[in-house]
Amino acid sequence: SGGNWENLTDENIVEITVFTVTDNSPVTLTSSGFSIDVREFTIKITGRLKADPGIERTLQETIRVRNDRLS
């Protein structure tokens, strides 16, 4: 509610049934006395046509945020 969100799909044509963001962080890499915490997220979205709910597509991508923590 509120804010400045913009629709990416026409809600009269496509129904989004799943949208999840999963935090896979931190993945810690250690080498030569240093530790790096890698931040990673998995984003999943599923949608189907309102006119034909049998047509459904799911997209899932795991992304890495580029500002790792070094300690």
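Residues numbered from 1 in each chain as written. Predicted model: local features only at pLDDT ≥ 70, side-chain atom pairs only at ≥ 80, totals over all residues. Heavy atoms only, no water.

1. Considering unusual backbone geometry
Step number 1: Positive phi outside glycine occurs at serine 32, with the angle close to 50°.
Step number 2: Position of serine 32 relative to the elements: it lies in the loop between β2 (27–31) and β3 (34–49).
Step number 3: Taking the relative accessible area as the measure of exposure, serine 32 reaches 69% and is therefore exposed. (Helix = DSSP H or I, 4+ residues; strand = E, 2+ residues; numbered from the N terminus. Buried < 20%, exposed > 50% of the residue type's maximum accessible area, 1.4 Å probe, protein only.)

2. Re the pairing of β3
Step number 1: In terms of strand pairing, strand β1 (residues 14–23) meets β3 through nine bridges, oriented antiparallel. For valine 18, the partnering residue across the bridge sits in β3 and is threonine 46.
Step number 2: Pairing geometry for β2 and β3, over five bridges, is antiparallel. Of the residues in β3, the one forming a bridge with leucine 29 is isoleucine 36.
Step number 3: The hairpin turn running from β2 into β3, its antiparallel successor, is two residues long, and serine 32 in that turn takes a positive phi close to 50°. (Pairing = 2+ DSSP bridges.)

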